[in-house]
Amino acid sequence: MPAPSTGRPIGPSFRWLVAVAAAIALMGSPRSGRGSDDGSTAVARVGRPAPRPAEAPEDRAARIARLREVYAGPPSGWPTPEVDEGVDWVELGLLPTPADPPDNPTTAEKVELGRLLFFDPRLSGSGQIACASCHDPDLGWADGRTTSFGHDREPLRRNAPSVLFAAFQPALFWDGRAGSLEAQAAAVLRNPKEMHADEEIVARLAAVPEYREAFAEVFGPGGVTIDRASRAIAAFERTLVGGRSRFDAFLKGDRAALSDAAISGLDLFRTRARCLNCHHGPALSDGQFHDLGLSYYGRSLEDLGRFAVTGEPADVGRFRTPSLRNVTATAPYMHNGLFELDGVLRMYDAGMATIRPKEDQRDDPLFPTKSPLLKPLGLNAQDRSDLRAFLESLAEPRLRVRPPRLPGRLGQAPPPP
């Protein structure tokens with residue numbers, strides 16, 4: 001059975017990516033006899049609907065006026081969305097208060113300890129990287145890289161998801177291998193390719209009097225441990241919930257908080273664009289795993305996603321649905337970090353890429369199958385622009401988070417291995 005590839009040349013995979021991107025770009029590009037990007041004279045290509053005709057300005061104004069009336073009330077009265085049969089969708093709404101796990105109740109002291117540890121590079125084997133290195137508050141609590149760097153600057157295989165709103169995800173990591181923030185933090189700390197923390201790190205922290213006192217105050221006897229550090233970090237991450245976007249203001253009754261384009265985009269998001277099939281509920285994520293056709297199966301950038309966790313053939317190429325809240329602050333996108341937002345919108349409009357089996361893959365029981373929820377949409381350029389406007393309304397206001405003053409002395413050489 002195929003395994004994730006490592007150390008192989010990446011040229012062929014990028015040639016495949018360029019081909020896919022070029023094909024998707026052509027779907028919205030003017031071509032002789034094919035009409036224009038606004039869909040005004042476009043015709044449907046095989047298997048794809050034609051982009052719908054562009055609206056006249058007066059028609060668009062009238063439609064948006066109607067939408068403002070329709071969406072003026074609470075979400076319970078909004079139009080029924082376009083979702084596929086069997087999708088257990090939840091209406092968009094305000095974020096609830098995250099629930100604490102029974103074995104890790106939140107306290108102010110635990111959150112403060114977690115905040116210190118989140119920014120402290122002494123929690124890593126090199127003494128040079130912290131949780132905040134890949135989850136920087138100035139970068140939407142992500143890192144803005146295609147894929148992140150780990151221990152000794154080793155390139156990692158996946159894009160760093162934002163930890164903002166992570167408290168609302170039932171599973172963490174792109175492949176869902178952690179069932180809680182506590183498990184996620186512990187896995188990253190112990191991963192030799194990421195934080196590379198071990199018992200030497202515990203001794204390093206325990207040598208700082210302020211940390212010894214804080215761990216004792218928060219957890220009682222038992223000293224400093226990686227598990228306790230993980231629980232404190234999780235308690236801090238559970239406070240990173242946002243909820244101050246223009247869309248939140250709209251949900252609270254400020255109907256002027258959304259622009260005309262964003263109102264149109266909200267309606268498209270719930271209806272013709274079919275986004276609610278996977279991005280629903282207050283967190284705009286179903287918390288499930290889907291194959292978007294981006295597994296690079298059999299290619300040098302191959303990533304089998306959820307399959308590596310479950311071993312189930314149906315999970316090949318499936319990745320966790322990320323929250324779309326604050327999405328415009330966390331580019332680039334997808335598990336491999338290869339895409340920008342406008343490209344992602346075009347890809348979804350096209351129904352995403354469909355990889356075809358090579359001759360020697362026709363009977364491969366692990367060959368991935370793209371999610372049936374993905375279908376060509378037939379959007380036009382204005383539709384995609386309106387969808388982007390709605391996604392922009394999900395942005396949190398920019399808050400500068402100053403790293404805390406850390407206890408003890410930084411810059412000391414890590415203890416010998």
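For the structure given in this document, a descriptive report is provided here. (Residues numbered from 1 in each chain as written. Predicted model: local features only at pLDDT ≥ 70, side-chain atom pairs only at ≥ 80, totals over all residues. Heavy atoms only, no water.)

**Some details on the overall build of the protein chain**
What the protein chain contains, in helices and strands, is 13 helices and two strands. Long-range contacts, defined here as pairs at least 24 residues apart, represent 72% of the contacts in the protein chain between residues at least 6 apart. Of the accessible surface of the protein chain, which amounts to about 19800 Å², a share of 55% is contributed by carbon and sulfur atoms. (Helix = DSSP H or I, 4+ residues; strand = E, 2+ residues; numbered from the N terminus. Contact = heavy atoms within 4.5 Å. Areas by Shrake-Rupley, 256 points an atom, 1.4 Å probe, with all protein chains shown as cover.)

**A few points about the side chain of Ser-230**
If you trace the backbone, Ser-230 turns up in helix α8 (residues 226–237). Among the residues examined, Ser-230 registers a relative accessible area of 2% and is labelled buried. (Buried < 20%, exposed > 50% of the residue type's maximum accessible area, 1.4 Å probe, protein only.)

**A few points about the environment of Phe-119**
Checked against the element boundaries, Phe-119 lands in helix α3 (residues 108–119). What makes Phe-119 buried here is its relative accessible area of 11%. Distance from Phe-119 to Ala-130, taken between C-alpha atoms, is 5.5 Å for residues eleven residues apart in sequence. With residues up to four places along the chain from it excluded, the contact list for Phe-119 reads Ala-130, Ala-132, Pro-137, Phe-236, Val-401, Pro-403, Pro-404 and Leu-406.

**Description of the pattern of salt bridges**
All chains considered together, the criterion is met by 21 salt bridges. Ionic pairing is found between Arg-238 and Glu-182, a salt bridge with its closest N-O pair at 3.0 Å. A residue pair is termed long-range when its members are at least 10 positions apart, and Arg-238 in the loop between α8 and α9 (246–251) and Glu-182 in helix α5 (residues 181–190) qualify at 56 residues. Residue classification places Arg-238 among the buried positions, given a relative accessible area of 10%. Residue Glu-182 is classed as buried on the basis of its relative accessible area of 12%. Of the charged contacts, one joins Arg-362 and Glu-359 as a salt bridge, the two residues approaching to 3.1 Å between their closest N and O atoms. The pair Arg-362 / Glu-359 is uniform in exposure class, with both members exposed. Through salt bridges with shared partners, one network takes in Arg-158, Asp-175, Arg-177 and Asp-303. (Salt bridge = Lys/Arg side-chain N within 4 Å of Asp/Glu carboxyl O.)

**Overview of a negative patch on the surface**
On the surface, Glu-109, Glu-210, Glu-213 and Glu-217 cluster together to form a negatively charged patch. When you line up the elements, Glu-217 lands in helix α7 (residues 209–219). (Patch = residues over 30% accessible without salt bridge, like charges linked within 9 Å, V, L, I, M, F, W, Y side chains within 5 Å. Lys, Arg positive; Asp, Glu negative; His and termini not counted. Charge placed at Lys NZ, Arg CZ, Asp CG, Glu CD.)

**A few points about helix α6 (residues 199–206)**
For α6, the complete set of buried residues consists of Ile-201, Val-202, Arg-204 and Leu-205. The arc enclosing the buried residues of α6, seen along the axis, measures out at 160°, which places them on a common side. Looking at the buried side of α6, the elements it contacts are α3, α7 and α8. The N-cap of α6, judged by a side-chain oxygen 3.0 Å from the amide nitrogen of Glu-200 a few residues on, is Asp-198. (Arc of directions from axis to C-beta. Polar contact = N/O pair within 3.5 Å; in protein donor to acceptor, adjacent residues only side chain to side chain.)

**Details of the nonpolar core**
Among the nonpolar cores identified, the biggest contains 46 residues, and Leu-113, Leu-117, Phe-118, Leu-123, Tyr-211, Phe-215 and Ile-233 are the most heavily contacted of them. Those elements giving two or more residues to this core turn out to be α3, α4 (131–134), α5, α6, α7 and α8. When residues of this core are assigned to their parent elements, the largest contribution, seven residues, is made by α8. Apart from the residues within four sequence positions on either side, Leu-117 is in contact with Leu-123, Leu-205, Tyr-211, Phe-215, Ala-229, Ala-232 and Ile-233. Within the second largest apolar cluster, 39 residues are counted, among which are Leu-268, Cys-275, Leu-292 and Tyr-333. (Core = buried A, V, L, I, M, F, W, Y, C linked by side-chain atoms within 4.5 Å.)

**Quick word on α8**
The end-to-end C-alpha distance of α8, which contains twelve residues, comes to 16 Å, matching closely the 16 Å that a straight helix rising 1.5 Å per residue would cover. Along α8, ten of the twelve residues are buried, which leaves the element largely enclosed by surrounding structure. Buried residues of α8: Ile-226, Arg-228, Ala-229, Ser-230, Ala-232, Ile-233, Ala-234, Ala-235, Phe-236 and Glu-237, and no others. Looking at the buried positions of α8, the neighbouring elements they touch are α3, α4, α5, α6 and α7. (Expected span 1.5 Å × (residues − 1).)

**What about the side chain of Asp-383?**
With respect to the secondary-structure elements, Asp-383 resides in helix α13 (residues 381–392). Contact partners of Asp-383, with chain neighbours within four places excluded, come to Arg-52 and Leu-268.

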